[in-house]
Amino acid sequence: SAWFDLDMMAWFMAFNGGEAALGVKLREVPGGLTDSGEALRALVKSQMSETGLPLNKIFLGGFSQGASAAMEASLGMDGDVGGILFFSGVPVNVDGWAAGAKKHTGLKILQMHGKNDPMLPFHTSHWVKDMMSGAGLQVTFQDHDGAHDFGDPNTSLAAVGNFLASAL
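First, a word on what this report is: a plain description of the structure on this page. Only a predicted model underlies this, so the values are computations on that prediction, with no experimental measurement involved.

## Brief notes about the sheet that holds strand 3 (residues 108-114)
Move 1: Reading across from one edge, 1-2-3-4 is the order of the four strands in this open sheet, with parallel pairing throughout. Edge positions in the sheet fall to strand 1 (59-63) and strand 4 (138-144), since each of these pairs with one other strand and no more. Averaged over all adjacent pairs, the angle separating strand axes in this sheet is 10°, with direction ignored.
Move 2: Summarising the sheet, strand 1 and strand 2 (residues 83-87) pair through five bridges and their orientation is parallel. The residue of strand 2 that forms the bridge with F59 is G83.
Move 3: Against the sheet, helix 4 (residues 65-75) contacts strand 1, strand 2 and strand 3, and its axis sits at roughly 150° relative to strand 1.

## Regarding the pairing of strand 2
Move 1: Most of strand 2 sits out of view: five of its five residues are buried.
Move 2: The side-chain alternation of strand 2 yields two buried faces, one formed by G83, L85 and F87 and the other by I84 and F86.
Move 3: Handedness of the β-α-β unit built from strand 1, helix 4 and strand 2 comes out right-handed.
Move 4: Between the parallel elements strand 2 and strand 3, the chain passes through helix 5 (residues 94-101) in a crossover that is right-handed.

## Here's the deal with helix 3 (residues 33-51)
Move 1: The terminal C-alpha atoms of helix 3 lie 27 Å apart, and with 19 residues this matches the ideal 27 Å at 1.5 Å per residue to within 8%.
Move 2: Looking only at helix 3, the buried set comprises L33, S36, G37, L40, R41 and V44. Projected down its long axis, helix 3 carries its buried residues within an arc of 135°, all on one side. Within helix 3, the exposed residues directed more than 90 degrees away from the buried face are D35, K45, S49 and E50.
Move 3: Here the buried face of helix 3 lies against strand 1 and helix 4.
Move 4: Looking one or two residues past helix 3, G52 carries a phi angle of roughly 80°, positive in sign.

## What about the packing of helix 3 against helix 4?
Packed helices, taken two at a time, are described by the angle between their axes plus the distance between the axes.
Move 1: Contact geometry for helix 3 and helix 4: axes closest at 8 Å, N-to-C directions at 65°. Considering the angle they form, helix 3 stands roughly perpendicular to helix 4. Handedness of the helix 3/helix 4 crossing: right-handed. For the pair helix 3 and helix 4, the contacting residues are L33, T34, S36, G37, L40 and R41 in the first and S68, A69, A70, E72 and A73 in the second.
Move 2: In terms of residue class, the contact of helix 3 with helix 4 is built from five nonpolar, four polar and two charged.

## Here we look at the packing of helix 4 against helix 5
Move 1: Relative to each other, helix 4 and helix 5 sit at 45°, their axes nearing to 9 Å. Relative to helix 5, the element helix 4 lies oblique. Once helix 4 is placed against helix 5, the crossing between them reads as left-handed. For the pair formed by helix 4 and helix 5, the contact residues are S68, M71, E72 and L75 on the first element and W97, G100 and A101 on the second.
Move 2: Classifying every residue of the contact of helix 4 with helix 5 gives four nonpolar, two polar and one charged.

Basis of the calculations
- Residues numbered from 1 in each chain as written.
- Predicted model: local features only at pLDDT ≥ 70, side-chain atom pairs only at ≥ 80, totals over all residues.
- Heavy atoms only, no water.
- Pairing = 2+ DSSP bridges.
- Helix = DSSP H or I, 4+ residues; strand = E, 2+ residues; numbered from the N terminus.
- Axes fitted to C-alpha atoms, helices over the stretch in contact; angles between N-to-C directions.
- Contact = heavy atoms within 4.5 Å.
- Buried < 20%, exposed > 50% of the residue type's maximum accessible area, 1.4 Å probe, protein only.
- Right-handed = clockwise from strand over helix to strand, strands pointing away.
- Expected span 1.5 Å × (residues − 1).
- Arc of directions from axis to C-beta.
- Parallel < 35°, antiparallel > 145°, perpendicular 65-115°, else oblique.
- Left-handed = near helix turned anticlockwise from the far one by under 90°.
- Nonpolar A, V, L, I, M, F, W, Y, C, P; charged D, E, K, R; others polar.

Below is the structure:
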């Protein structure tokens, strides 16, 4: 039912525990995250083998934990995927992501997050955006007025369409 183990109560406690508590939480590698990343990389390699599609024409993306799994998989690739769609993602394994991002300078990311997200406060989206931008990735950031969702479908679909068109 989940991409990896995520103890939401521990996250809520970290959000309320101050910067030190949250800093520790962001650097944790949740159980199952590495396995999810490896499984996604194996799926991509399988599809490349079956279809002949090059890695730079494959996009990985997801919502919430799926976004984090897509980031984990993409930054662990030997080459660059076409782009990452990161919707309301959980910032985890930030040290690993920062190291992986340095190997993928210029990689394109579409990041979307709801301003009224009760699960992952909106300000956490800026941590991911700033970290990825600072590492040289090209982040297109789209906020929306929704919560832990995709927001208005017209706005979200337009952002995805524009991102894919520009990345391809």
